[in-house]
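In case you want the letters, here they are:
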Amino acid sequence: MRHVYSVVRFVPDPANGECVNLGLLAGSEDSEEWVLQIVTQRERARRLGGTEALPGVVGYLERLTSELETYSAAHADGQLNLLMHRDRLSERWLTDLASQQRGVVQFTAPLPVDVESAEAAVEMLWDQMIVEPSRRTYPFQKKHVALGAVRGALRRVNITDENLWRTTSLDSTGFRAPIDFAVHNGSVAYLTQCWSFQLPDKERLLEEVQSWSWAIRSLRSSGGMLTRGTEIHAEVADDVGLAVVYVPPAGPEDEEAFEKAQRAFSDPDVNAGLVVEFPEASEVAREALSALGTIAH
């Protein structure tokens, strides 16, 4: 999956250009996952003359890290409407950040890298770009890899943003559930929801799956509406096509949650037509394209 990355540099005196690499920022438009990792050992930055400026730079980067984590988590949880103050992050956003930040903290022009996740990009590039003995690692995959796989597959069959609503909510007779992708041409043709079964909080994951499945059951009996915040996008027919794309369990500790969720997905009252691992997202895109062709403009 295409990601882009930028090296974060500390430049105490922009006039002479001497710098120290302080971290890496990586992300993907498709998965909406953005990660900023900064060094924890900053002796080289201090030796370069950053005693006065460095604390302010670190504070700025820590705030940006928190913002990116909140943004990525909100998108994964279907709550992006809570972050209306922040424009959707994109390669253009990172390019603009690199061109505008020319003071004591600078970002290099973004470069592409083909990896499964933003975290994997940081992990792969860290030792090449950053001088630090160790860094935290991420032992599990979030749902962002599934989100990115679906978005890329939709793009390959020419389903563009003009025919795609992302990160909406389904409302049906008192039930509400997140919907990651809704393919439409004014009328909703196909829905897709992504999950990761590698998350450490299995209890919360199963609660979210159960809540989602009840909303889908209600949709099948009564229809529903797609919304974002207070904005209503469109009505959803009770027989709309539906796919589930998931990040599979990584070990035995994930299997029980996965088996329970599978029972919800296979429930005939939920009627999820496709339940596939994220590498098979192309199958979802083909189904979505076919459904889009059957909906009259």
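Structure shown above.
Here we summarise the structure given alongside this text. (Residues numbered from 1 in each chain as written. Predicted model: local features only at pLDDT ≥ 70, side-chain atom pairs only at ≥ 80, totals over all residues. Heavy atoms only, no water.)

## Re the pattern of salt bridges
Our working rule: A pair is scored as a salt bridge if a Lys or Arg side-chain nitrogen falls within 4 Å of a carboxyl oxygen belonging to Asp or Glu. Any residue under 20% of the maximum accessible area for its type is buried, any over 50% is exposed, and the rest in between are partly exposed; the area is computed with a 1.4 Å probe on protein chains only.
What the rule picks out here adds up to 12 salt bridges. Note that Arg-176 and Asp-171 form a salt bridge whose closest N and O atoms lie 2.8 Å from each other. Exposure remark for Arg-176: the relative accessible area of 47% places this residue in the partly exposed category.

## A look at the pairing of strand β7 (residues 175–184)
So the rule is basically this: Only DSSP runs of H or I covering at least 4 residues are called helices, and only runs of E covering at least 2 are called strands; the numbering of each starts at the N terminus. Two strands qualify as a pair provided DSSP detects at least 2 bridges between them.
Most of β7 sits out of view: 7 of its 10 residues are buried. Pairing of strand β6 (residues 164–172) with β7, which is carried by 8 bridges, proceeds in the antiparallel orientation. Among the inter-strand pairings, Leu-164 is bridged to a residue of β7, identified as Val-183. In sequence, β7 turns back onto strand β8 (residues 188–196) through a hairpin of 3 residues, with Gly-186 there showing a positive phi of about 105°.

## Examining the pairing of strand β9 (residues 224–228)
As paired elements, β6 and β9 share 3 bridges and run antiparallel to each other. Across the sheet, the residue bridging to Ser-169 is Thr-227, located in β9. One ladder, built from 5 bridges, connects β9 with strand β10 (residues 231–236); its direction is antiparallel. Within β10, the residue paired with Leu-226 across the bridge is Ala-234. Counted along the chain from β9 to the antiparallel partner β10, the turn is 2 residues long, and its residue Gly-229 has a positive phi close to 60°.

## Here's the deal with the sheet that holds β10
Our working rule: Fitting a line to C-alpha atoms yields each axis, with helices limited to the stretch in contact; the angle taken between N-to-C directions then spans 0 to 180 degrees. Contacts were defined at the residue level, with two residues in contact if any of their heavy atoms lie within 4.5 Å.
The 7 strands lie next to each other as β10-β9-β6-β7-β8-β11-β12, forming an open sheet whose pairing is mixed. Edge positions in the open sheet fall to β10 and β12 (274–277), since each of these has one partner strand only. For this sheet, the mean angle separating the axes of adjacent strands, direction not counted, is 35°. Across 4 bridges, β7 lies against β8 in antiparallel orientation. Looking across to β8, one finds that Ala-182 is bridged to Leu-191. Contacts from helix α5 (residues 144–156) reach β6, β7, β8 and β11 (241–247) within the one sheet, and its direction differs from that of β7 by about 35°.

## A word on the environment of Leu-274
Take Leu-274: it is sitting in strand β12. Taking C-alpha positions, Leu-274 is 9.3 Å from Thr-192, a pair spaced 82 residues apart along the chain. Filtering out sequence-adjacent residues up to four positions away, Leu-274 remains in contact with Tyr-190, Leu-242, Ala-243, Val-244, Glu-283, Val-284 and Glu-287.

## Points about helix α7 (residues 252–265)
Defined as follows: Here, expected helix span is obtained from the residue count minus one, scaled by 1.5 Å.
Taking 1.5 Å of rise per residue, 14 residues should cover 20 Å, and α7 covers 20 Å from first to last C-alpha, within 8% of that figure. Three or more residues of α7 are buried, namely Asp-254, Ala-257, Phe-258, Ala-261, Ala-264 and Phe-265. The inward-facing, buried residues of α7 abut β8, α6 (202–222), β11 and β12.

## As for a negative patch on the surface
Inclusion rule: Here, patches come from residues exposed beyond 30% relative accessible area and free of salt bridges, joined within 9 Å for like charges and within 5 Å for nonpolar side chains (Val, Leu, Ile, Met, Phe, Trp, Tyr). The protein chains shown are the only cover counted for residues, whose accessible areas, like all others here, come from Shrake-Rupley with a 1.4 Å probe. Residues scored as charged are limited to Lys and Arg (positive) and Asp and Glu (negative), so that His and the chain ends carry no count. Here the site of a charge means atom NZ of a Lys, CZ of an Arg, CG of an Asp or CD of a Glu.
On the surface, Glu-277, Glu-280, Glu-283 and Glu-287 cluster together to form a negatively charged patch. Among the structural elements, Glu-283 can be located in helix α8 (residues 281–294). Accessibility expressed as a relative area gives 30% for Glu-283, which makes it partly exposed.

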